[in-house]
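Inside the fold
The residues making up each chain are set out below.
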Amino acid sequence: MGLPLFSAHDDPGPSFIDYAERNGIVRTGASSEVHVHATTVIALRYATGVVMVGDRQATGNYIASRDVRKIEPADRFTGLAISGSAARGIELLRLTQLSFEHYEKMTDRSLSLEGKANYLSPIIQRNNLSTPLLVLPLLAGWDRNAEQGRVFEYDGAGGCYERSDFATIGSGSPFAEGTLRLGFRAEMSLEEALELGALALYEAGDNDPSTGGPDFVRRIFPMMVVIDAEGFRELELDDVEQRFLAISERRTQSGGVAGGALR
Amino acid sequence: MSNYFYVSPEQLIKDRAEFAQKGIARGRSIVGAIYNKGVVLVAENPSASLNKISEVYDRIAFAGVGKYNEFDRLREAGIRWADGTGYTYSREDVDARALANYYAQYLGDMFTEGQKPLEVEILIAQLGSKLRPTKLYRIAYEGTISDEPHFVVLGGDAETIKERFAQSAPELEALDATLKHAVAALAGPDRTIPVQELEVGILEDRGGRRTFRRLSVDEVSGLLD
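Cut-off values and rules
- Residues numbered from 1 in each chain as written.
- Chains lettered and ligands numbered in written order.
- Predicted model: local features only at pLDDT ≥ 70, side-chain atom pairs only at ≥ 80, totals over all residues.
- Helix = DSSP H or I, 4+ residues; strand = E, 2+ residues; numbered from the N terminus.
- Rg over C-alpha atoms; globule rule 2.2 N^0.38 Å.
- Buried ≥ 20, exposed ≤ 12 C-beta atoms within 10 Å, placed from the backbone.
- Contact = placed C-beta atoms within 7 Å.
- Axes fitted to C-alpha atoms, helices over the stretch in contact; angles between N-to-C directions.
- Parallel < 35°, antiparallel > 145°, perpendicular 65-115°, else oblique.
- Left-handed = near helix turned anticlockwise from the far one by under 90°.
- Nonpolar A, V, L, I, M, F, W, Y, C, P; charged D, E, K, R; others polar.
- Pairing = 2+ DSSP bridges.

Okay, the overall build of chain B next. The number of helices and strands found in chain B is six helices and 10 strands. A globule of 225 residues ought to have a C-alpha radius of gyration of about 17 Å, and chain B, at 18 Å, matches this closely. Looking at chain B as a whole, 44% of its 225 residues qualify as buried. A separation threshold of at least 6 residues defines the contact pool for chain B, and within that pool the share at least 24 residues apart is 65%.

Of the regular secondary structure elements, chain A holds six helices and 12 strands. Summarising its shape, the C-alpha atoms of chain A cover approximately 70 × 45 × 30 Å along the three principal directions. Within chain A, the proportion of its 263 residues that are buried is 46%. Of all intrachain contacts in chain A linking residues separated by at least 6 positions in sequence, the fraction that spans at least 24 positions is 66%.

Now for the packing of helix α5 (residues 190-207) of chain A against helix α6 (residues 237-253) of chain A. Residue and element names in this part refer to chain A. Across the interface, α5 lies against α6 with an axial gap of 10 Å and an inter-helix angle of 60°. With respect to α6, the element α5 is oriented oblique. α5 and α6 meet at a crossing whose hand is right-handed. From α5, L194, A198, L199 and Y202 reach across to α6, where they touch R243, F244 and I247.

Contacts between chain A and chain B engage 16 residues on the former and 17 residues on the latter. Elements supplying a minimum of two residues to the side of chain A that touches chain B: α1 (16-22) and α2 (86-107) of chain A. Residue contributions to the side of chain A that touches chain B peak at five residues, all from α2(A). For the side of chain A that touches chain B, the class distribution of residues is 10 nonpolar, three polar and three charged.

Residues and elements named next belong to chain B. For strand β5 (residues 120-126), the tally of buried residues reaches seven of seven residues, placing the bulk of the element in the interior. Here β5 shows no split at all, with V120, I122, I124 and Q126 on one side and E121, L123 and A125 on the other all buried. Strand direction decides the pairing type here: strand β4 (residues 60-66) and β5, joined by seven bridges, are antiparallel. Residue pairing in the sheet places A61 in a bridge with A125 of β5. Sheet analysis places β5 next to strand β6 (residues 135-139), joined by five bridges and oriented antiparallel. Along β6, the bridge assignment pairs I122 with I139.

Let us now look at the environment of A17(B). All names here are of chain B. Mapping A17 onto the fold places it in helix α1 (residues 9-26). We classify A17 as partly exposed; it has 15 C-beta atoms within 10 Å. Sequence separation between A17 and F111 is 94 residues, and the spatial gap between their C-alpha atoms is 8.2 Å.

Next up on the list: the sheet that holds strand β1 (residues 30-35) of chain B. Residue and element names in this part refer to chain B. If you walk across this open sheet you meet the five strands as β8-β1-β2-β9-β10, and the pairing is antiparallel. Strands at the two margins of the open sheet, each flanked by one partner only, are β8 (151-154) and β10 (212-214). Neighbour-to-neighbour, the strand axes of the sheet open up by a mean angle of 15°, direction not taken into account. Across three bridges, the pairing between strand β9 (residues 198-204) and β10 is antiparallel. Residue L203 lies in a different strand from β10, and its bridge partner there is F212.

Residues and elements named next belong to chain A. With burial as the criterion, each face of strand β10 (residues 166-169) is covered, one bearing F166 and T168 and the other bearing A167 and I169. With four bridges joining them, strand β1 (residues 41-46) and β10 adopt antiparallel strand pairing. If you follow A43 over to β10, its bridge partner there is A167.

Residue and element names in this part refer to chain B. A sheet is described by the order of its strands in space; here five strands give the open sequence β3-β4-β5-β6-β7, paired in antiparallel fashion. A strand with exactly one partner marks an edge of an open sheet, and here the two such strands are β3 (53-57) and β7 (145-148). Each strand of the sheet is rotated relative to its neighbour by a mean of 25°, with strand direction disregarded. Where helix α2 (residues 68-88) meets the sheet, it contacts β3, β4 and β5, and its direction lies at approximately 165° from that of β4.

The subject of this paragraph is the environment of V41(A). Residues and elements named next belong to chain A. Looking at where V41 falls in the secondary structure, it is placed in strand β1. The class for V41 is buried, based on 32 C-beta atoms found within 10 Å. In this structure the C-alpha to C-alpha distance between V41 and Q97, which are 56 residues apart in sequence, comes to 19 Å.

Residues and elements named next belong to chain A. The backbone of E147 shows a phi angle near 55°, a positive value even though the residue is not glycine. The phi torsion at R219 lies on the positive side, around 55°, for a residue other than glycine. With respect to the element layout, R219 can be found in the loop between α5 and β11 (223-228). By C-beta crowding, R219 is classed as exposed, having 11 other C-beta atoms within 10 Å.

As far as function goes, none of this settles anything; it's purely spatial.
See below:
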């Protein structure tokens, strides 16, 4: 690859994708890989930020992997989660992380959170309309201008929708969503949001065969992430284990009856 | 049909070199120096938004002097090259030497074949790792590339500033001492540069992947005190 110089009239600007497509670094087009997917990822707003919780299982016709990381920091203040085709999802993650960094280096300022959310729309649209390997992301982050946590979800054609409460993606969504609907309140504390998020994921793992719940045998637990004014941070393994242990014990006490002890 | 007059290659090269040198000497200088924990780039720059120093990659920084539009285009190409290479292969495969060579080839081509040579000089700094050493590559307007062991001065009255810095800082020092000597060398004995007109960037390991950081006016005045 030579030095990528452009004249002023056809310069791709700070968009990495525009540059990469022009130079053949990324190619869009159909392929015929095996469909590995299914997931549950949740993002919910609380008073001073957002919480994201995601399961760790990759599922094909069988369990392909138990420790996939489906939530990644897209940059310091933004979390990006993926559902759908693993191959395309991982590429989407890499491309998005790089695009935000590329923009920052080219222009010496970072994209606004809304700018990041909108940037994803055409990428999803192009991917989902050109291959059967669908990808649906979930973007959540701390908006440094508005000074609040914000959540954005997408439809299959790339439409971007901001949610004022919570959003879920993946095959376990109906169960997670049901739990969130019952438990969500505006202006929750971080602790309440973490508890509700963990419970919603537990429910999804309980009912959806393609969502991995807490695995106490292997000590593999859903990822729990907090994004606030301090940035993106992942909860420690021990902390997450305690939260799921508490839910599991309550469920055991109620004889496995969901709703026996809701919180 | 227009008439062409014969110009000897020697004369042509001399004219082009003079033209480029004049353009570069008009601008203010940049000092790039290695200190005990990293690399510091110091530019005298009255503008707070038109940068001369920039991040290129995790361990690579760029500095340019001369015509802003020309070196900024090279800066953008460098970022694209680095991000494209890192995406195609791996982050650790992005090497400053390869980038410096591309710049050298391009500047060399423009010098001999372009409508006019580019009036720029650039510096590519690399913070060392297990894989690669800490390096400062200076690329001149005609494509000459040099690999400087300790420090580099670009643009303006480079020779004088180089002598001043070499005398005051013969060895590797801490960041504050290196910065002081660089600023003193840029200013010379008869004037002081206001802190607001200094653009300072460093490459230093802080535990993360990206090592480039701009120093704020407050940080710079703190280090200079």
